[in-house]
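Chain and residue survey
Take a look at the letters that make up each chain.
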Amino acid sequence: MQFKKSKMTHEQKLIAIVALLPVIADLMEDIPLYRMCKRHGNAFIDEVRKVDDVIIKDAELDAQSQQVDIQRAFRQWLETEFKDY
């Protein structure tokens with residue numbers, strides 16, 4: 001399966017990543033991981049939280065609000081698309 005190349009700018013991709021990674025980290029916290037996976041998973045979650053804190057701290061209120069809206073929309077999409085799994 002081939003995907004079309006994204007027409008998103010680097011900035012748009014970064015915004016999407018920064019908005020979605022905290023949601024992914026939250027989901028990872030709910031998964032029972034063991035030993036090495038748990039350690040690496042927790043390290044990933046910690047790094048995501050650090051980056052998120054830095055970006056949110058320096059962002060304007062409108063940008064913070066947009067990030068929260070993206071996160072909510074992503075969570076709703078996940079719940080809709082994966083409700084049967």
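Residues numbered from 1 in each chain as written. Predicted model: local features only at pLDDT ≥ 70, side-chain atom pairs only at ≥ 80, totals over all residues. Heavy atoms only, no water.

Quick notes on helix α3 (residues 61-81)
- Its 21 residues give α3 an end-to-end C-alpha distance of 30 Å, which sits within 8% of 30 Å, the value for a rise of 1.5 Å per residue.
- For α3, the set of buried residues is Gln67, Gln71, Phe74 and Leu78. Each buried residue of α3 sits inside an arc of 65 degrees when the element is viewed along its axis, so together they form one side. Residues of α3 that are exposed and point more than 90 degrees away from the buried face comprise Leu61, Arg72, Gln76 and Glu79. (Helix = DSSP H or I, 4+ residues; strand = E, 2+ residues; numbered from the N terminus. Expected span 1.5 Å × (residues − 1). Buried < 20%, exposed > 50% of the residue type's maximum accessible area, 1.4 Å probe, protein only. Arc of directions from axis to C-beta.)

Observations regarding the packing of helix α1 (residues 10-29) against α3
- Relative orientation of the contacting elements α1 and α3 amounts to 55 degrees, with a least axis distance of 9 Å. By the angle class used here, α1 and α3 are oblique. As for how α1 packs across α3, the hand of that crossing is right-handed. Here Ile15, Val18, Ala19, Leu20, Pro22, Val23, Ile24, Asp26 and Leu27 of α1 lie close against α3, whose contacting residues are Gln67, Ile70, Gln71, Phe74, Arg75 and Leu78. (Axes fitted to C-alpha atoms, helices over the stretch in contact; angles between N-to-C directions. Parallel < 35°, antiparallel > 145°, perpendicular 65-115°, else oblique. Left-handed = near helix turned anticlockwise from the far one by under 90°. Contact = heavy atoms within 4.5 Å.)

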